[in-house]
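# Topology and contacts: notes
Letter by letter, the chains look like this.
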Amino acid sequence: MINVNDLSFSYKNKLIYQKLNFKTANGKLNCIVGPNGVGKSTLLDLIAGITKPSLGKIDPLISKHDVVYQTQGVPFLNEVSGDDAIQMFQSMGGKKIQSNSKLRQIYNDEIKSFADVKFRDMSGGQRRLILVYGMCTLNRKLYLFDEPTSGLDPINSQLVLSLLNSISRDKQVIFTTHNLYELKNLDVNIIFISHRECVFNGSYSQLSKKASDNDIISAYSKILK
Amino acid sequence: MINKMKALMKFDIAATLDNKVVFIYTIIFPIGYFYFMEWKQIFGHNSYSNYDLISMLIPFIGYVVLINVLNNVIGVTYARRESGFLKMYSFIVQSKLMIILSPLILYYLITLFETICFSIIVMLSLHLIDLETILLTFLIVSIIYLPTYGILNIVLMMRFNHQLMSIVSGMTLLIALFAYTFTPTNRIFQWLLLIDPIQLLGNVCTILTSKVNLTMIVPALVVIIIDCLIGLSVSKMMPIKSASVRN
């Protein structure tokens, strides 16, 4: 569990967070949601330890060696193939490579067919799928994913989320998203950031119940207002 | 750690081989310029001492070293940082230094290959083959490569838009070549000019080809150590996040 205590942070004289407080949940996915520009990526940077807060603390601040962090874009070497990239992940992981049935299934069913294609010739979704897959094979304590389903079709989005779900049982997984509906069937702890603070911290069903029609988007809009 | 370096270098080799034109261009331009400048010598039947030959080669070797360090090591690191690749990759690799070291080592080998090829082509054009000159080229590049990287690494601490990188590297190259044409009589200015990697290269060449002279060795050695320390500190201090774009 990661505790964010009274965290304040400013970027270029603009206050991003003021006394932000929340706790992540163990054994399930943690999803940060909030409007554009609210500082979701900044929050991941703070949790990863590459940005220091102005005030407050993140406890525990996990060593960078135990973190894997997928940034929002898909910056990668265009000249290498998917298989080369996966091999590189294996070299980085050494003997501690993670492998579970979900990972094997995703490789065989989804990745294998385009694994020999170079990154520059892949679609944005295929690149993201390979990176997320590769990162999940690394054995770390904390996994941070910034919009891992952005640009993916609904089937691949579900695939990526099920992949994250498969490692979240015994690892801390935190990701951001704008698509709330994709969280519906997941065991997920939602951390809703708005107006420089955490305005909601709980499950999908708890958030839905904030709206009279039990719709997650209505609940989201209601809290924002 | 060795496995990680191997994997990283494999990636950088793939990126280099994918862009072979740049690889050839680095020595095509100096060869063309050499033929343009020295055509009288090429078609004449002059005899050259070892020192004459290596003196003729210095600005060209300096150019190849500078171009490779600027465009393929520092430029690549800069582009990787600005695109967000360095940030993500340093978590995967668990080391920022290894990501920086990989192109640095690879381009040391490529620079050696290119400068030795260039020296051989010049020697063949001048109708002589001298193994000592090849050895000198190897030694000079090996001595000068890291300090050149070190001093030019300062670019990575500057904040500018990534579109300006090619202008910054072009200007650096021009200033370095221009500074090489200066031969101040004042000793302090001579030492200060050693900041210019091509001046330093010329100095190292003189040290290697003439009698040991402490007044030349000590300043060159001091500059080499300072340049390397600058390179190491910048590599350690350099942020992994883009300086110009939020990513």
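Keep in mind that this is a model prediction, so the values were computed, not measured. (Residues numbered from 1 in each chain as written. Chains lettered and ligands numbered in written order. Predicted model: local features only at pLDDT ≥ 70, side-chain atom pairs only at ≥ 80, totals over all residues.)

Right, let's talk about the overall build of chain A for a bit. Within chain A, the secondary structure is distributed over seven helices and nine strands. Relative to its length of 225 residues, chain A is compact, with a C-alpha radius of gyration of 18 Å against a globular reference of 17 Å. By principal-axis analysis of the C-alpha atoms, chain A measures approximately 50 × 40 × 30 Å. For chain A, long-range pairs separated by at least 24 residues make up 71% of all intrachain contacts whose partners lie at least 6 apart in sequence. (Helix = DSSP H or I, 4+ residues; strand = E, 2+ residues; numbered from the N terminus. Rg over C-alpha atoms; globule rule 2.2 N^0.38 Å. Contact = placed C-beta atoms within 7 Å.)

Attention now goes to the overall build of chain B. Scanning chain B from N- to C-terminus turns up 11 helices and zero strands. Along chain B, helices and strands appear, N-terminal first, in the series α-α-α-α-α-α-α-α-α-α-α. Its C-alpha radius of gyration of 19 Å places chain B within 12% of the 18 Å reference for a compact globule of 247 residues. When the backbone C-alpha atoms are referred to their principal axes, chain B occupies close to 60 × 40 × 35 Å. Looking at chain B residue by residue over its 247 residues, the buried ones come to 37%. At a minimum sequence separation of 6, the contacts of chain B that also span at least 24 residues come to 79%. (Buried ≥ 20, exposed ≤ 12 C-beta atoms within 10 Å, placed from the backbone.)

Quick look at the sheet that holds strand S4 (residues 55-59) of chain A now. Residues and elements named next belong to chain A. Read from one edge to the other, the open sheet built from three strands follows the order S2-S1-S4, with strand pairing classed as antiparallel. Only two strands of the sheet have a single neighbouring strand rather than two, namely strand S2 (14-23) and S4. Across the sheet, the axes of successive neighbouring strands diverge by a mean angle of 30°, strand direction being ignored. Sheet topology places strand S1 (residues 3-11) next to S4; four bridges connect them, and they run antiparallel. Within the sheet, the bridge partner assigned to Ser8 lies in S4 and is Leu55. Packed onto the sheet, helix H1 (residues 40-48) meets S1, S2 and S4 and runs at close to 120° relative to S1. (Pairing = 2+ DSSP bridges. Axes fitted to C-alpha atoms, helices over the stretch in contact; angles between N-to-C directions.)

Our next topic: the packing of helix H2 (residues 82-93) of chain A against helix H4 (residues 124-137) of chain A. All names here are of chain A. At a closest axis distance of 9 Å, the pairing of H2 and H4 adopts a crossing angle of 20°. The angle between H2 and H4 places the two elements in the roughly parallel class. Where H2 crosses over H4, the two elements pack in a sense that is right-handed. The segment H2 lies against H4, with Gly82, Ala85, Ile86, Phe89, Gln90 and Gly93 engaging Ile130, Gly134 and Thr137. (Parallel < 35°, antiparallel > 145°, perpendicular 65-115°, else oblique. Left-handed = near helix turned anticlockwise from the far one by under 90°.)

On to the environment of Thr111 of chain B, then. Within the fold, Thr111 of chain B resides in helix H6 (residues 96-125). With near-sequence residues (within four places) excluded, Thr111 of chain B lies in contact with Val64, Val65, Asn68, Val141 and Tyr145 of chain B.

All names here are of chain A. Sheet analysis places S1 next to S2, joined by six bridges and oriented antiparallel. Its bridge partner being in S2, Ser10 is matched across the sheet by Leu15. Counting the residues between successive antiparallel strands, the hairpin from S1 to S2 contains two residues, one of them, Lys12, with a positive phi of roughly 50°.

What follows concerns the pairing of strand S3 (residues 29-33) of chain A. All names here are of chain A. Among the five residues in S3, five count as buried, and that is most of the element. Alternating residues of S3 divide into Leu29, Cys31 and Val33 and Asn30 and Ile32, and every residue in both groups is buried. The pairing of S3 with strand S7 (residues 172-176) spans four bridges and is classified as parallel. Paired with Ile32 across the two strands is Thr176, which belongs to S7. With five bridges joining them, S3 and strand S8 (residues 188-194) adopt parallel strand pairing. Residue pairing across strands places Cys31 opposite Ile190, the latter belonging to S8.

Another aspect to go through is unusual backbone geometry. Residue and element names in this part refer to chain A. Backbone torsion omega between Asp59 and Pro60 reads 0°, so that peptide bond is classified as cis. With respect to the secondary-structure elements, Pro60 resides in the loop between S4 and strand S5 (67-70). Phi is positive for Lys19, which is not a glycine, with a value near 50°. Looking at where Lys19 falls in the secondary structure, it is placed in strand S2.

Attention shifts here to the interface of chain A and chain B. At the junction of the two partners, chain A supplies 22 residues and chain B supplies 19 residues. Of all elements in the fold, only S5 and H2 of chain A reach the threshold of two or more residues within the side of chain A that touches chain B. Here the residues of the side of chain A that touches chain B sort into 12 nonpolar, seven polar and three charged. (Nonpolar A, V, L, I, M, F, W, Y, C, P; charged D, E, K, R; others polar.)

It is worth spelling out the packing of helix H8 (residues 165-180) of chain B against helix H10 (residues 197-209) of chain B at this point. Residue and element names in this part refer to chain B. Taken N-terminus to C-terminus, the directions of H8 and H10 make an angle of 40°; their axes are 7 Å apart at the nearest point. Of the possible angle classes, the one that applies to H8 and H10 is oblique. Facing H8, whose interface residues are Ala176, Leu177, Ala179 and Tyr180, H10 presents Pro197, Ile198, Gln199 and Gly202. Grouping the constituent residues of the contact of H8 with H10 by class yields six nonpolar, two polar and no charged.

Geometric values such as these leave the question of function open.
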